[in-house]
Amino acid sequence: MLSQQKSRRRSSDSASVPAARAELHPVSSDSAGVLNRMKSLQLLLLVRFLVVMVTAQQVDLPVTYSCTEGYKFNVAEQECKDINECETMPDACKGGMGCINLYGGYFCLPQSAQIIITDRDEEPATTQPPPLHLAPLLAVPAHHGNRQTPSNQARLISAQCPIGFIADRFNYCTDVDECLLFSGICQWQCVNQPGSFRCVCPEGYQLQGPRLCQDINECEAGSNCHDDQVCWNYFGGYRCYPRNPCHEPYVPSGESRCSCQSLSACRGLPPTIVYKYMSITSGRSVPADIFQIQATSVLPNMHNTFRIKAGNEGGQFFLRQSSNVSGMLVMTRPLAGPREHILDLEMVTQNSALSYQSTSVLRLTVIVGPYAF
């Protein structure tokens, strides 16, 4: 059959050759056989080339796969795998914060942070939303290009929890206890709530902003002091002191000033006592200058000295003389409250040439609040 086709092709090829060409190029019978074999070889090569072209058109084009952001296609497993940004991005978290990888992303926490997962059983308050115990997350199916395989639909879980919640190892949203996670988030006390937290202040303080506590001035807001008392506000509370602090043999001689008029009764006692009050916070850093005492009048050629006469048995204070007319009370040890310290600060005035000496006392009441704010 093949020989017949070749014969027909030879005859057709010979018939298509122009007569003029035969006249210009006479060939022998052997040359004609070689020429026919060459033409057959060319025809065979052309047929093979066409077969190869048809076969190439039937081959599938390369398939590309796309994954959601935060995932990368794994050729070996033929599925989208999570990218661990904490390993692939060295500077994912700035400022020394720790990197926590999530499915499809990551987040940053302080190095000292701890993620506390709680499952509360207590009844929720009526004024607050009920706590979320285990809220299932929405599953994100694995992407294989434009294909989805049912066996992989629940393999990738998206950690998309509401603010204040975090996915646990079972991919359920649980409440984050910010009070345990962030120490010092509130100035006094932190109360955890489902998905958030709130700061509260102790008695005598009110919340200023979301986290700070501000002292309430009960003397301005209204106190229970009597008419013969004066209200003194301190950090975290108030106290009522007598308007007339003088005790015999002293009599009032001005605002918060007591004088002794009897020379015989006042022998060995300071002629005058001035009453002052001040308040400080508990645990204040030391050393700290807290109060200045100063002479109200200066006489010529008089020399003044200052000292703590009474009330400093524990050695918490020191009186430093600043000049001839003033001294500074220094707190040398931290004081814890609530507590009241009463100090007698004495000023001795003398003139050796005139053999003159007099004393006066400032009775200072230092009220230490119960807190460090």
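Quick caveat: nothing in here was measured; it's all calculated off a predicted structure.

## Considerations on the sheet that holds strand 16 (residues 272-280)
Reading across the sheet, the six strands line up as 14-15-16-22-21-18 and stay open at both edges, with mixed pairing between neighbours. Either end of the sheet is taken by a strand with one partner, and the two such strands are strand 14 (250-254) and strand 18 (303-310). Shown here is a sheet whose adjacent strand axes are inclined to one another by a mean of 30°, direction ignored. Summarising the sheet, strand 14 and strand 15 (residues 257-260) pair through four bridges and their orientation is antiparallel. Each residue of the ladder has a partner; that of valine 251, found in strand 15, is serine 259.

## As for the environment of proline 287
Looking at where proline 287 falls in the secondary structure, it is placed in the loop between strand 16 and strand 17 (288-294). For proline 287, a relative accessible area of 69% gives the class exposed. In this structure, the C-alpha to C-alpha distance between proline 287 and phenylalanine 317, residues 30 residues apart in sequence, is 9.2 Å. Discounting residues that sit within four places of it in the chain, proline 287 has contacts with Val330 and Met331.

## What about the pairing of strand 12 (residues 229-234)?
Of the pairings in the sheet, the one linking strand 12 to strand 13 (residues 237-242) comprises six bridges and is antiparallel in character. Bridging across to strand 13, tyrosine 234 finds its partner in glycine 237. Between strand 12 and strand 13, which pair antiparallel in sequence order, lie two residues; one of them, glycine 236, sits at a positive phi of approximately 100°.

About the thresholds
Residues numbered from 1 in each chain as written. Predicted model: local features only at pLDDT ≥ 70, side-chain atom pairs only at ≥ 80, totals over all residues. Heavy atoms only, no water. Pairing = 2+ DSSP bridges. Helix = DSSP H or I, 4+ residues; strand = E, 2+ residues; numbered from the N terminus. Axes fitted to C-alpha atoms, helices over the stretch in contact; angles between N-to-C directions. Buried < 20%, exposed > 50% of the residue type's maximum accessible area, 1.4 Å probe, protein only. Contact = heavy atoms within 4.5 Å.

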